[in-house]
Amino acid sequence: MRIVTTIAELDPCFGGVFVPTMGALHAGHFALVREAKRLSGGRPVVVSIFVNPTQFNDPKDLARYPRTLDADAAGCAEAGADVVFAPAAVAMYPPDSSVAVPRLPEVATRPGLEDAHRPGHFAGVCQVVKRLFEVVRPAAAVFGEKDWQQLQVIRAMVAQEHLGIAIEALPTVREEDGLAMSSRNVFLSSEDRCRALAISRALCEAAGKKSVTEAERVMATMLREANLGVEYAVVREASTLMPLGTSATTPARALIAARCGSVRLIDNAPWPRG
Ligand code: AMP
């Protein structure tokens, strides 16, 4: 496996399967890399590791984001990556050029979820993902369901911009006790980590409820009982993330964002249980 830092070195990997990340990789990310390898059929598997400044709406979050490149690269090699692309910010955003923010799809602006609680976040995500797609030129890219709204935003952007890249998704990888793996979990104190379990438990409980109102009520109650700062705990249409209409057949998703100590956590699950 090669580690490259310049765009010029990416030529041999065009047409491969791509996994974009911000590093501090865990088993959830490595599952994406293994899936990319499985899908690749011999084409190159490229993992990018770039902590994208333009998608952080909180400078403190950006400053303390964990950076563990050596361990990340070792894990990527083991999971089947051919290339790790770890560019400096100047390579991604050259000072003499402006890297455009694509027109944001509605799912990045209307639902009132991540879009409302992290202003500017999806503009940064779309900007960096489009730029990465332009320099890596993959045939397919693999994303995690952990960031459900982001996944819908990427799908919508790829369709809207006619990028012709197949977007594949993998279910959230969890710790044994249900906590969704996240690079930010290292910041949880042991007491906060315990309280954070209320999030996956609330999603599980909500999945057993028959109505959206009951599901949202039980999530709010469980999160409040665990003393978490709830930003949202809702059931929405799975791809637009707008409130459910009257059609009983539309796929739906329960989604939570909550603050636990100094850490903001998000998670989601299919709703209702099948
Ligand atoms: P990031 O953690 O922002 O670097 O995310 C890079 C990719 O990994 C995104 O597609 C995420 O959705 C995905 N990802 C992050 N955590 C998990 C997880 N626990 N399970 C599966 N995919 C994940």
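The coordinates are above.
Residue numbering note: each chain is counted from 1, following its sequence as written. Since the coordinates come from a predicted model, pLDDT governs what is reported: local features require at least 70, and pairs of side-chain atoms require 80 or more to be given and counted, while whole-chain, interface and lining totals use all residues. To obtain the side-chain values, all non-hydrogen atoms of the structure were included, while hydrogens and water were left out.

## Considering the sheet that holds strand β5 (residues 140-144)
Line of reasoning, step 1. Ordered in space as β1-β4-β3-β2-β5-β6, the six strands form an open sheet in which the pairing is parallel. Across the chains shown, the open sheet's two edge strands, defined by having one partner strand only, are β1 (2-4) and β6 (166-170). The average angle at which neighbouring strand axes cross in this sheet is 25°, direction not considered.
Line of reasoning, step 2. Two strands are said to pair when DSSP picks up at least two bridges between them. Helix and strand assignments come from DSSP, with helices taken as H or I runs of at least 4 residues and strands as E runs of at least 2, each series counted from the N terminus. Direction of pairing for β5 relative to β6: parallel, over a ladder of five bridges. Bridge pairing in β6 links A140 to A166. Lines fitted to C-alpha atoms define the axes, with helix axes restricted to the stretch in contact, and inter-axis angles between N-to-C directions lie between 0 and 180 degrees.

## A word on the packing of aromatic side chains
Line of reasoning, step 1. Pairing of aromatic side chains requires ring centres within 6.5 Å, counting the rings of Phe and Tyr and the six-membered ring of Trp. Pairs whose planes differ by under 30 degrees are stacked, by over 60 edge-to-face, and all others tilted. A complete count under the given rule lists three aromatic pairs for this structure.
Line of reasoning, step 2. Judged by centre distance (6.2 Å) and plane angle (70°), the ring pair of F18 and F133 falls under edge-to-face. Placement of F18 in strand β2 (residues 17-21) and of F133 in helix α6 (residues 121-136) is noted, with a sequence separation of 115 residues between them. Just as F18 is buried, F133 falls in that class too.
Line of reasoning, step 3. Summarising the aromatic geometry, the rings of F56 and Y65 are spaced 5.7 Å apart at their centres and angled 80° between planes, so their arrangement reads as edge-to-face. Summarising the burial analysis for this pair, F56 and Y65 share the class buried.
Line of reasoning, step 4. Here R64 stacks its cationic end above the ring of F187, 4.1 Å away from the centre of that ring.
Line of reasoning, step 5. Definition used: whenever NZ (Lys) or CZ (Arg) falls within 6 Å of the ring centre and also within 35 degrees of the ring normal, the charge is taken to sit over that ring. A cation over an aromatic ring shows up here: R253 above the ring of W148, its NZ or CZ 3.8 Å from the ring centre. Each residue gets one of three labels from its accessible area relative to the maximum for its type: buried under 20%, exposed over 50%, partly exposed in between, using a 1.4 Å probe on protein chains only.

## Examining helix α3 (residues 69-79)
Line of reasoning, step 1. Buried within α3 are the following residues: D72, A73, G75, C76 and A79. Down the axis, α3 shows its buried residues gathered within 165° of arc, on one side only. Facing away from the buried side of α3 by more than 90 degrees, the exposed set consists of D70, A71 and E78.
Line of reasoning, step 2. Immediately downstream of α3, the backbone of G80 shows phi near 110°, a positive value. It is the directions from the helix axis to the C-beta atoms that the arc portrays.

## What about the site of the ligand?
Line of reasoning, step 1. The environment of the ligand is formed by 15 residues, the closest being M22, G144, D147, V173 and M181.
Line of reasoning, step 2. A distance of 2.9 Å is found between an oxygen atom of the ligand and a side-chain nitrogen or oxygen belonging to H29.
Line of reasoning, step 3. Contact between the ligand and V173: a nitrogen atom at 2.9 Å from a main-chain N or O atom of the residue.
Line of reasoning, step 4. When the ligand is considered free in solution it has 470 Å² of accessible area, and contact with the protein chains removes 93% of it.
Line of reasoning, step 5. Top element by residues in the shell around the ligand is helix α1 (residues 27-40). It accounts for three residues.
Line of reasoning, step 6. Residues are grouped as follows: Ala, Val, Leu, Ile, Met, Phe, Trp, Tyr, Cys and Pro are nonpolar; Asp, Glu, Lys and Arg are charged; every other residue, Gly included, is polar. Looking at the shell around the ligand residue by residue, the classes come out as seven nonpolar, six polar and two charged. Being near a molecule or strand, for a residue, comes down to having at least one heavy atom within 4 Å of it. Polar contact is defined as a pair of N or O atoms within 3.5 Å, subject to the rule that within protein one atom must be able to donate a hydrogen and the other to accept it, and that residues adjacent in sequence are counted only when both atoms are side-chain atoms. Only the protein chains shown count as cover for residues, and all accessible areas are computed by the Shrake-Rupley method using a 1.4 Å probe.

## As for helix α9 (residues 212-225)
Line of reasoning, step 1. To estimate the expected span of a helix, subtract one from its residue number and multiply by 1.5 Å. End to end, α9 covers 20 Å across 14 residues, agreeing with the expected 20 Å (1.5 Å per residue, within 8%).
Line of reasoning, step 2. Among all positions in α9, only A215, V218, M219 and L223 are buried. Taken end-on, α9 shows its buried residues confined to a sector of 125°, consistent with a single buried face. In α9, the exposed positions that point more than 90 degrees away from the buried face belong to T213, R217, R224 and E225.

## Description of the pairing of strand β9 (residues 263-271)
Line of reasoning, step 1. In terms of burial, β9 is a largely internal element, eight of the nine residues being buried.
Line of reasoning, step 2. Judged from the nine bridges that link them, strand β8 (residues 252-260) and β9 form a sheet pairing that is antiparallel. If you follow A254 over to β9, its bridge partner there is A269.
Line of reasoning, step 3. The loop that links β8 with its antiparallel partner β9 comprises two residues; one of these, G261, has a positive phi angle of about 60°.

## A closer look at the sheet that holds strand β7 (residues 229-237)
Line of reasoning, step 1. The sheet built from three strands is open, its strands ordered β7-β8-β9 with antiparallel pairing. Every interior strand has two partners, whereas the edge strands, β7 and β9, have only one. Ignoring strand direction, the axes of neighbouring strands in this sheet form an average angle of 10°.
Line of reasoning, step 2. Here helix α8 (residues 190-207) sits on the sheet and contacts β8 and β9; the angle it forms with β9, its principal contact strand, is near 20°. Here, residues are in contact when the closest pair of their heavy atoms is within 4.5 Å.

## With respect to the nonpolar core
Line of reasoning, step 1. What is meant by a nonpolar core is a set of buried Ala, Val, Leu, Ile, Met, Phe, Trp, Tyr and Cys residues, joined one to another through side-chain atoms within 4.5 Å. Ranked by internal contacts, the top residues of the largest apolar core, which has 40 residues, are F85, V129, F133, F143 and I167.
Line of reasoning, step 2. Of all the secondary structure elements, the ones that give two or more residues to this core are β4 (83-85), α6, β5, α7 (148-160), β7 and β8.
Line of reasoning, step 3. No other element matches α6, which puts nine residues into this core.

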